[in-house]
Amino acid sequence: YLDVRTSNRLGPTVRILGMIDRLEPKVKTHCQLWFSDAKEPVLSKVLEYKYIWYKKWGNYKQGLFQPYLLACQLPKSHWGSVPSSVSIVEQPCDTAPSNLRVIYNKPAEGEQKKKFAVCVKGLDFPDDDLSVRLIEWIELLTTLGADKIFLYNLEVHPNVTKVLEHYTSQGKVDVTPISLPGHQPNLPVLQHMYLKSKLNNKRQNELIPYNDCLYRNMYR
């Protein structure tokens, strides 16, 4: 996500959400910032690993996937430009193992910010038909003035899928399919059992969609 808020002490910054299987990582890493009008990336050091979990809540252990927010500053030569994507590498000239699209949802000129939206963590209800309750809840939120509801979907009942598709077509709902990172299970049934039995792991994973929703919409 491109963060250009004037209060940011780093200047325009690319922020990357991720899960890392270590505590307080010390390894030096770099961002390869890719711009649409250039063949080579612009290099920037990862300046910050922000741990976005309160360690007293538990799961503060090496080897478990921990939620982090990384920050890379745009060089002054590129202030005012928006990178298309970013790759994280250990050495500046390493071949990147991944490439993430940079999100910068700046409102069009003259477009006013909306009042508020609602962010909903990953839905994990494969067997529960919550369609009627979901309809009541969406109608209540829109009546109270919510401009849009952003939901993240792990696995839901087929009737819930129909409800989400209906409200998506009306522009009231935005649904993003998600999966669990790393070696955590993503097979049907097994994923649900894992999330039911590993509550702290579940809550740590939830910080990714919550923060994605915040940063994706912070200028809207």
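All values derive from a computational prediction rather than experimental measurement.

(A) Inspection of the sheet that holds strand E8 (residues 117-125) at higher detail. Ordered in space as E8-E9-E10, the 3 strands form an open sheet in which the pairing is parallel. Each end of this open sheet is capped by a strand with a single partner; those strands are E8 and strand E10 (173-177). In this sheet, adjacent strand axes meet at a mean angle of 20° when their direction is disregarded. Note that E8 and strand E9 (residues 148-156) share 8 bridges and pair parallel.

(B) The arrangement of the pattern of salt bridges in detail. In this structure the tally under the stated criterion is 8 salt bridges. Its salt-bridge partner being Arg15, residue Asp3 comes within 3.1 Å of it at the nearest N-O pair. Note that Asp3 is positioned in strand E1 (residues 2-3) and Arg15 in strand E2 (residues 13-20), a separation of 12 residues in sequence. Take Asp3: its relative accessible area is 0%, and that puts it in the buried class. Arg15 gets classed as buried once you look at its relative accessible area, which sits at 10%. Because the salt bridges share partners, they merge into one network encompassing Asp3, Arg5, Arg15, Glu48 and Lys50.

(C) View of the packing of helix H1 (residues 131-143) against helix H2 (residues 158-169). Interhelical geometry of H1 versus H2 gives an angle of 25° and a closest axis separation of 9 Å. Judged by the inter-axis angle, H1 sits roughly parallel to H2. As H1 packs across H2, the resulting crossing turns out to be right-handed. Each of Ser131, Leu134, Ile135, Ile138 and Glu139 in H1 lies in contact with H2, whose residues at this interface are Asn159, Val160, Val163, Leu164 and Tyr167. Taken together, the residues that form the contact of H1 with H2 break down as 7 nonpolar, 2 polar and 1 charged.

(D) Geometry of helix H3 (residues 190-197). Every buried residue of H3 is listed here: Gln191, His192, Tyr194 and Leu195. Considered in projection along H3, the buried side chains sweep an arc of 160° and stay on one side of the axis. When the buried face of H3 is taken as reference, the exposed residues oriented beyond 90 degrees from it are Met193, Lys196 and Ser197. Looking at the buried positions of H3, the neighbouring elements they touch are E8, E9 and helix H4 (199-217).

(E) Expanded view of the sheet that holds strand E6 (residues 85-89). Read from one edge to the other, the open sheet built from 7 strands follows the order E1-E2-E5-E4-E3-E6-E7, with strand pairing classed as antiparallel. Of all strands in the sheet, those bounded by a partner on one side alone are E1 and strand E7 (100-101). Note: E6 against E7, 2 bridges, orientation antiparallel. Following the sheet pairing, Ser85 is matched in E7 by Arg101. In the packing of H4 onto the sheet, contacts are made with E1, E2, strand E4 (42-51) and strand E5 (66-73), and the angle to E2 comes to roughly 165°.

The rules we used
- Residues numbered from 1 in each chain as written.
- Predicted model: local features only at pLDDT ≥ 70, side-chain atom pairs only at ≥ 80, totals over all residues.
- Heavy atoms only, no water.
- Pairing = 2+ DSSP bridges.
- Helix = DSSP H or I, 4+ residues; strand = E, 2+ residues; numbered from the N terminus.
- Axes fitted to C-alpha atoms, helices over the stretch in contact; angles between N-to-C directions.
- Salt bridge = Lys/Arg side-chain N within 4 Å of Asp/Glu carboxyl O.
- Buried < 20%, exposed > 50% of the residue type's maximum accessible area, 1.4 Å probe, protein only.
- Parallel < 35°, antiparallel > 145°, perpendicular 65-115°, else oblique.
- Left-handed = near helix turned anticlockwise from the far one by under 90°.
- Contact = heavy atoms within 4.5 Å.
- Nonpolar A, V, L, I, M, F, W, Y, C, P; charged D, E, K, R; others polar.
- Arc of directions from axis to C-beta.

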